[in-house]
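Per-entry structural report
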Amino acid sequence: MTQMAEKLIAASRKAEARLATRKTPFVFDCWYVAGYAPEFGRALRARTLLGRPLVFYRTESGKPVAMSDRCVHRSFPLSQSRLDGDTIICGYHGMRYDAAGDCVEAPSLREQCPRGVGVRAYALREQGPLVWIWMGDGEPAADLPLGDWVASESWPASQQYYHLPASYIALHENLLDLTHLSFLHANSFGTPDFATAPYEVHIDEEKGHFRLKRSVVPTRLPPVWAEPTGLTGRDAARITTSTFVGPSAHTVNGVFYGLDVPESERPDTQIITAHLPTPETATSTHYFIHHGRNFAVHDPAVTAFMNKQLEVAFMEDVTGLTAIEKLIAETGEDDMYEVSLSSDKAGLAMRRWLYRQAQVPKL
Ligand code: FES
Ligand SMILES: [Fe+2]
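Residues numbered from 1 in each chain as written. Chains lettered and ligands numbered in written order. Predicted model: local features only at pLDDT ≥ 70, side-chain atom pairs only at ≥ 80, totals over all residues. Heavy atoms only, no water.

Here we come to the overall build of the protein chain. Across its full length, the protein chain carries five helices and 17 strands. Computed over the C-alpha atoms, the radius of gyration of the protein chain is 23 Å, within 12% of the 21 Å expected from 2.2 N^0.38 for a compact globule of 363 residues. By principal-axis analysis of the C-alpha atoms, the protein chain measures approximately 80 × 60 × 35 Å. With 363 residues in all, the protein chain has 49% of them scored as buried. For the protein chain, long-range pairs separated by at least 24 residues make up 60% of all intrachain contacts whose partners lie at least 6 apart in sequence. In the form shown here, the protein chain has an accessible surface area of approximately 18,000 Å², with 52% of it arising from carbon and sulfur atoms. (Helix = DSSP H or I, 4+ residues; strand = E, 2+ residues; numbered from the N terminus. Rg over C-alpha atoms; globule rule 2.2 N^0.38 Å. Buried < 20%, exposed > 50% of the residue type's maximum accessible area, 1.4 Å probe, protein only. Contact = heavy atoms within 4.5 Å. Areas by Shrake-Rupley, 256 points an atom, 1.4 Å probe, with all protein chains shown as cover.)

Quick look at the packing of aromatic side chains now. Taken as a whole, this structure holds 15 aromatic pairs when the rule is applied. With a centroid separation of 6.4 Å and an interplanar angle of 65°, the aromatic rings of Phe210 and Trp353 are classed as edge-to-face. Residue Phe210 is found in strand E13 (residues 209-219), and its partner Trp353 is found in helix H5 (residues 345-357); the two are separated by 143 residues along the sequence. Of the two residues examined, Phe210 and Trp353, each falls in the buried class. Plain terms: the ring middles of Phe244 and Trp353 are 5.7 Å apart, the flat faces sit at 75° to each other, and that makes the pair edge-to-face. You can see Phe244 sitting in strand E14 (residues 236-246) and its partner Trp353 sitting in helix H5, a full 109 residues away along the chain. For the pair shown, Phe244 and Trp353 are each scored as buried. Joined through ring pairs, the aromatic side chains of Phe189, Trp225, Phe256 and Phe314 make up one cluster. (Phe/Tyr/Trp six-rings, centres within 6.5 Å; stacked < 30°, edge-to-face > 60°.)

What follows deals with the layout of surface pockets. In this structure, the largest pocket encloses a volume near 840 Å³. Lining the largest pocket are 35 residues, and of these Glu173, Glu338, Val339, Asp344 and Arg351 sit closest to its centre. Among the secondary structure elements, those contributing two or more residues to the lining of the largest pocket are helix H1 (6-16), helix H2 (168-175), helix H4 (300-331) and H5. (1 Å grid on protein atoms, 1.4 Å probe; cavity = no way out; pocket = protein on both sides within 12 Å on 5 of 7 lines; lining within 4 Å. Points joined across faces, edges and corners; volume = space filled by probe spheres on them.)

What follows deals with the nonpolar core. Grouped together as the largest cluster of nonpolar side chains are 60 residues, with contacts concentrated most on Phe56, Ile133, Trp225, Tyr287 and Leu354. Counting residues per element, this core draws most heavily on H4, which supplies seven residues. Residues within four places of Tyr287 in sequence aside, it is in contact with Gln160, Tyr161, Tyr162, Leu164, Leu171, Leu175, His275, Leu276, Phe314 and Val318. (Core = buried A, V, L, I, M, F, W, Y, C linked by side-chain atoms within 4.5 Å.)

A few words on the sheet that holds strand E1 (residues 31-36). The strand order across the open sheet formed by six strands is E1-E10-E9-E4-E3-E2, and the pairing between neighbours is antiparallel. The open sheet terminates on both sides in strands that have one partner only, identified here as E1 and strand E2 (45-49). In this sheet, adjacent strand axes meet at a mean angle of 35° when their direction is disregarded. In this structure, E2 lies alongside strand E3 (residues 52-58), joined through five bridges in antiparallel fashion. Bridge pairing in E3 links Arg45 to Phe56. (Pairing = 2+ DSSP bridges. Axes fitted to C-alpha atoms, helices over the stretch in contact; angles between N-to-C directions.)

Laid out in structure tokens, this is it:
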């Protein structure tokens, strides 16, 4: 029976000391997806993001609002309170907060609520179906992680959401690792040749750019890609570029073409899946997915077909990561170690970067 050598275990633990883990604080200076636009309306909605309970609603003019869900008086959840015009009236003693989070009325006081009493409100930005939130200190100091294609009519798209009971770091590592496609996704979009196909890794630890490109040529495409691209039963190229865009976003860009088509006649078809993890807690994640393409623009049947097929595949990741998280919770992180392989290079670099970016939040 194999027992891992003590020195290998010690080396694994030493390497892990500089990697982001479940104990690492979140990166707050970043735009995260708070939800899909239709989720926020004239009803108060609670959602915990980056360990902070928040309440969401839209003003009468339709502007989305996010603020701390905890009344500053005695911590009553504002999400269980009442919306009155553009203000929330706390359900316990009636303190009233405006859309900026300022307390504008405290019924038990004869005078006005003192200036400066209120809850923190957060900046939101809408982009197509996505509502982004900035939870860092100060004004938003970065552009949105995804480009204009997300809101463009030239890129028809579908969305998915999973409540993932697992670490967002484990999800990011999964997305930078294409070798699991042949196994975890053997029954959906993985093919046996994916695990050993040549790949290129681009790592810029200074900028936080991590990219993995895998070229599977020739191959036969699984139905999710073969049917929409008309490549069923033909020898094809499958070129997948998987990019860590930041703590809140990862894009997977797929290019497919038939090998029987001359290079000059290949269509410029692209499929981009944006994986958008927003940590809920250290061990649970709001997993948003926006899946778009730049062809068959007016064909909703293609959208529906790919969405249905991808749901099966992404559920395989959700199921796998959930099982891992459960096992780690039962084992205890201090008692475990993990061995990394050369194919984990991009994921390890990403975790080193996240570790360095981690911020201890101000309350
Ligand atoms: S707890 Fe909100 S007003 Fe008292
Ligand atoms: Fe996967």
